Amino acid sequence: MIEIQHVNKWFGPFQVLKDCTSRVEKGEVVVICGPSGSGKSTLIKCVNGLEPFQEGIITVNGISVGDKATNLPKLRSHIGMVFQNFELFPHKTAAENIALAQLKVLGRSEDEARARGKLLLDRVGLGEMGHKYPSELSGGQQQRVAIARALAMDPIAMLFDEPTSALDPEMINEVLDVMQELARDGMTMMVVTHEMGFARRVADRVIFMDEGEIVEDATKDEFFGTPRSERAQQFLSKILHH
Amino acid sequence: MKYNWNWGILFEEPYFGWLVSGIEWTLIVSAIAWIIAFSLGSLVGVARTVNSMPVRAVATAYVELFRNIPLLVQMFIWFYVVPELVPDGLGRWMKRDMPFPEATSAILCLGTYTASRVAEQVRAGIESIPRGQTAAGLAMGLTLAQVYRYLLVPVGYRIIVPPLTSEFLTIFKNSSLALTIGVGEVLMQARQIENYTFQGFEAFTAATLIYVVVTLIVVFAMDRIEKRARIPGYGVQRGQ
Ligand SMILES: Nc1ncnc2c1ncn2[C@@H]1O[C@H](COP(=O)(O)OP(=O)(O)OP(=O)(O)O)[C@@H](O)[C@H]1O
Ligand SMILES: [Mg+2]
């Protein structure tokens, strides 16, 4: 479903992504981890074209992201994305946040968009919160609204960029639970996260990145059993022991 | 020297009529100039934030040009120089047939000058919105134009209501400069009353009061608008 082939990307002289190659099958959950600055966010932003890349090919459902002829807004509307800082729009209520792209991108009617929004708010456990503004919600609630907002577009895949790292510890699980349920329902997901518990429970595969390279791309059991690279082992022991 | 106070003079004709007409001109000039400043300033301000280099360069040049030439000089340029610079036909029309040439020049001058200041506010408002918000808008399939329309502009403007208020008040105060090219606004009328009656204190006190009252009305109205436009708890949200 998502295919990443020999992608190289530079910010000026600095190479952020080095010959990255991987693929994500339909229904697969892939966790991406690695030290800060290793290029994880950059990689998943390349998948929906939020970041351009200079070399290589990324296709989503056969459509090439880097191709100039590709209708990027249309492609993006099929790929949900969830950000570290939620990025709900502050001047709109939760329900309006969920409705906006349904109305303006998919061309759904007000009624349709509202009904879909209500359903999804229920699904993330926030059925009564539609009228609230983002600032009136806790971080965990905001992130769940953001997930509902992405799901409202009926995406074929979801990208998560550290969805829980801006949250207070007691709110992390409410978000992870929603994500776990999504995975169980068969959603294709790429998740940048340091929540190794989540990776163990939910991931099919784990990608480990360091300095712009995909150092390890293994099944969950392989990765947690015997990571082949020393860098991954060091990273794991650091992250699991603090 | 003995000064003969005569506040009653302000309410005698024709002086009272002059003041009223002064208020009218001040309000007309300020209001129309503000419409120009707001629309042109919004356009230029947005243009300063877009990706396209040439568009940004033109917008930046506009802002630097208009912001850095003293307003009084601009007033003279619009009135005396512009009609000479434009093509002959238009120049002749401006000098002979353009209705209210003084007021029109003053409006264009104040409008284009204040537009450069409004543009800076608009740009600051838009740039204060975290980039992640734009990314989120694009990620859900909005085009960049839609991101501006549904996110950056509405949020940006809510942030800059207070500085926009003061820009409007500045246009209103700056409209007094229009007297230098002969627009019969409040200050001009006060001066004329002084010339005719020698009651300068009364006349200028009246002018001052008029400015104060209008300013207070504007501040009050904008305060209401600001309260209505305010995003609940905005600023708190990003703290976490
Ligand atoms: N717009 C940019 N311009 C220049 N350099 C950038 C830009 N964005 C990211 N970088 C650099 O690219 C590298 C990878 O950044 P990226 O955000 O992808 O890392 P990350 O793995 O997501 O890190 P983190 O865990 O801190 O989120 C970093 O060194 C960063 O400084
Ligand atoms: Mg990151």
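On a predicted model such as this, the values are computed, not experimentally measured, just so you know. Residue indices follow the written sequence of each chain, beginning from 1 at its first position. Labels are handed out in written order, letters beginning with A for the chains and numbers beginning with 1 for the ligands. Given that this is a predicted model, residues contribute local features only at a pLDDT of at least 70 and side-chain atom pairs are listed and counted only at 80 or more, while totals for whole chains, interfaces and linings are drawn from all residues. Computation of side-chain values covers all heavy atoms of the structure but excludes hydrogens and water.

Student: It is not clear to me how the overall build of chain B should be interpreted in this structure. Could you clarify?
Tutor: Scanning chain B from terminus to terminus reveals 10 helices and 0 strands. Secondary structure elements of chain B, listed N to C terminal, follow the sequence α-α-α-α-α-α-α-α-α-α. By its C-alpha atoms, chain B is 75 × 50 × 30 Å across when sized along the principal axes. When a residue's accessible area, from a 1.4 Å probe over protein chains only, is under 20% of the maximum for its type it is buried; when over 50% it is exposed; and in between it is partly exposed. Relative to its 240 residues, chain B shows a buried fraction of 45%. By definition, residues are in contact when any of their heavy atoms lie within 4.5 Å. Of the contacts formed within chain B by residues at least 6 apart in sequence, a portion of 77% connects residues at least 24 apart. Computed by Shrake-Rupley with a 1.4 Å probe, the accessible areas treat only the displayed protein chains as cover when residues are assessed. Summed over all atoms, the accessible surface of chain B reaches about 12,500 Å², with 67% contributed by carbon and sulfur. Taking the 19 positively charged and 16 negatively charged side chains of chain B as two groups, their mean positions are separated by 13 Å. Elements are defined by DSSP. Helices are runs of H or I of four residues or more, strands are runs of E of two residues or more, and each kind is numbered from the N terminus. For the purpose of charge, His is not counted, nor are the chain termini; Lys and Arg are scored as positive and Asp and Glu as negative. For this purpose, a charge sits on NZ of Lys, CZ of Arg, CG of Asp or CD of Glu.

Student: What am I meant to see in the overall build of chain A here?
Tutor: The number of helices and strands found in chain A is 9 helices and 10 strands. Only the C-alpha atoms count toward the radius of gyration. The rule for a globule is 2.2 Å times the residue count to the power 0.38. Relative to the 2.2 N^0.38 estimate, which gives 18 Å for 242 residues, the radius of gyration of chain A is 18 Å and therefore close to what a compact globule would have. Principal-axis analysis of the C-alpha atoms gives chain A an extent of 50 × 45 × 30 Å. Considering chain A as a whole, with its 242 residues, one finds that 55% of them fall into the buried category. Looking at chain A alone, contacts between residues at least 24 apart form 65% of all its contacts between residues at least 6 apart. Carbon together with sulfur atoms contributes 47% to the accessible area of chain A, which is approximately 10,400 Å² in total.

Student: Is there a simple way to explain the sheet that holds strand β4 (residues 55–60) of chain A in this structure?
Tutor: Note: strands within a sheet are paired through backbone hydrogen bonds, in either parallel or antiparallel orientation. Residues and elements named next belong to chain A. Read from one edge to the other, the open sheet built from 4 strands follows the order β2-β1-β4-β5, with strand pairing classed as antiparallel. A single partner strand is all that each edge strand has here, and the edge strands are β2 (14–24) and β5 (63–64). Any two strands with at least two DSSP-identified bridges between them are counted as paired. Of the pairings in the sheet, the one linking strand β1 (residues 2–11) to β2 comprises 7 bridges and is antiparallel in character. The residue bridging Ile2 from the neighbouring strand is Val24, located in β2.

Student: Would you mind showing me how to read the interface of chain B and chain A here?
Tutor: Interfaces are often described in size by the accessible area the parts lose on coming together. Between chain B and chain A, the residue contacts involve 24 residues of the former and 27 residues of the latter. Accessible-area loss on putting two parts together, using a 1.4 Å probe and summing over both, is the definition of buried area adopted here. For the chain B and chain A pair, buried surface summed over both sides reaches about 2,200 Å², with 64% attributable to carbon and sulfur atoms. Salt bridge, as used here, is a side-chain nitrogen of Lys or Arg placed within 4 Å of a carboxyl oxygen of Asp or Glu. Our enumeration of links across chain B and chain A arrives at 0 salt bridges. Throughout this description, a polar contact denotes any pair of N or O atoms lying within 3.5 Å of each other; where both atoms belong to protein, one of them has to be capable of donating a hydrogen while the other can accept it, and for residues adjacent in sequence the pair is counted only when both atoms sit in side chains. Summed over the shared surface of chain B and chain A, the result is 4 residue pairs in polar contact (both at pLDDT 80 or more). Elements supplying a minimum of two residues to the side of chain B that touches chain A: α6 (131–139) and α7 (144–159) of chain B. No other element matches α6(B), which puts 7 residues into the side of chain B that touches chain A. In terms of residue class, the side of chain B that touches chain A is built from 13 nonpolar, 9 polar and 2 charged. The nonpolar class holds Ala, Val, Leu, Ile, Met, Phe, Trp, Tyr, Cys and Pro. Asp, Glu, Lys and Arg form the charged class, and all remaining residues, Gly among them, are polar.

Student: How do you make sense of the nonpolar core when you look at a structure like this?
Tutor: Soluble, globular proteins show a tendency: their nonpolar side chains are buried together. Counting residues in each nonpolar core, the largest one holds 92 residues, and the members touching the most others are Ile2(A), Ile4(A), Leu17(A), Ile32(A), Leu43(A), Met190(A) and Met209(A). Considering every element that reaches this core, the biggest residue donor is helix α5 (residues 101–127) of chain B, with 9 residues. What is meant by a nonpolar core is a set of buried Ala, Val, Leu, Ile, Met, Phe, Trp, Tyr and Cys residues, joined one to another through side-chain atoms within 4.5 Å. One finds Phe86(A), Ala94(A), Phe160(A) and Leu236(A) within the second-largest nonpolar core, a separate group that totals 48 residues.

Student: So what exactly am I meant to see when it comes to the pairing of β4(A) here?
Tutor: Residues and elements named next belong to chain A. The sheet contact formed by β1 and β4 spans 5 bridges and is antiparallel. When the bridges of β4 are listed, Ile2 appears paired with Val60. Of the pairings in the sheet, the one linking β4 to β5 comprises 2 bridges and is antiparallel in character. Opposite Val60, over in β5, you have Ile63 as the bridge partner. Counting the residues that bridge the hairpin from β4 to β5 gives 2 residues, and of these Asn61 lies at a positive phi of roughly 55 degrees.

Student: How do you make sense of the side chain of Ser30(B) when you look at a structure like this?
Tutor: Residues and elements named next belong to chain B. Looking at where Ser30 falls in the secondary structure, it is placed in helix α1 (residues 15–47). Engagement of the side chain of Ser30 in a polar contact is seen with the backbone oxygen of Thr26, the distance being 2.6 Å. Ignoring sequence-local partners within four residues, the contact set of Ser30 consists of Phe168, Ile171, Phe172 and Ser175.

Student: Whenever I open this one, the packing of α6(B) against α7(B) confuses me. Can you help?
Tutor: If you want to describe how two helices pack, look at the angle between their axes and the distance between the axes. Residues and elements named next belong to chain B. Running from amino to carboxyl end, α6 crosses α7 at an angle of 125 degrees, the nearest separation of the two axes being 9 Å. In terms of their interaxial angle, α6 and α7 are classed as oblique. As for how α6 packs across α7, the hand of that crossing is right-handed. From α6, Gln133, Thr134, Gly137 and Leu138 reach across to α7, where they touch Leu144, Val147, Leu151 and Leu152. Looking at the contact of α6 with α7 residue by residue, the classes come out as 5 nonpolar, 3 polar and no charged. The convention used is that axes are lines fitted to C-alpha atoms, helices contributing only their stretch in contact, and that angles between N-to-C directions extend from 0 to 180 degrees. By definition in this entry, angles of less than 35 degrees are roughly parallel, angles greater than 145 are roughly antiparallel, angles of 65 to 115 are roughly perpendicular, and the rest are oblique. A clockwise turn of the near helix away from the far one marks a right-handed crossing, whereas an anticlockwise turn of less than a right angle marks a left-handed crossing.

Student: Explanation requested: the packing of aromatic side chains in the structure shown.
Tutor: Aromatic rings considered in pairs are described by the distance between their centres and by the relative angle of their planes. Ring pairs are drawn from Phe, Tyr and Trp, using the six-membered ring of Trp, whenever the two centres fall within 6.5 Å, and their geometry is named by plane angle: stacked under 30 degrees, edge-to-face over 60, tilted for the rest. As enumerated under the stated definition, the model contains 17 aromatic pairs over all chains in all. Taking 5.3 Å as the distance between ring centres and 85 degrees as the angle between the ring planes, the aromatic pair formed by Tyr15(B) and Trp18(B) counts as edge-to-face. Taken together, the residues span about one helical turn, with Tyr15(B) and Trp18(B) both in helix α1 at a distance of 3 residues. Like Trp18(B), Tyr15(B) is buried. A centroid spacing of 5.3 Å and a plane angle of 80 degrees characterise the contact between Trp34(B) and Phe168(B), whose relative ring orientation is edge-to-face. Placement of the pair is Trp34(B) in helix α1 and Phe168(B) in helix α8 (residues 161–174), with a sequence separation of 134 residues. Assigned by exposure class, Trp34(B) and Phe168(B) land together as buried. Among the aromatic residues, those joined into a ring-pair cluster are Tyr3(B), Trp5(B), Trp7(B) and Phe201(B). Here the guanidinium or amino end of Lys9(A) rests over the ring plane of Phe11(A), the centre of that ring lying 4.5 Å away. Definition used: whenever NZ (Lys) or CZ (Arg) falls within 6 Å of the ring centre and also within 35 degrees of the ring normal, the charge is taken to sit over that ring.

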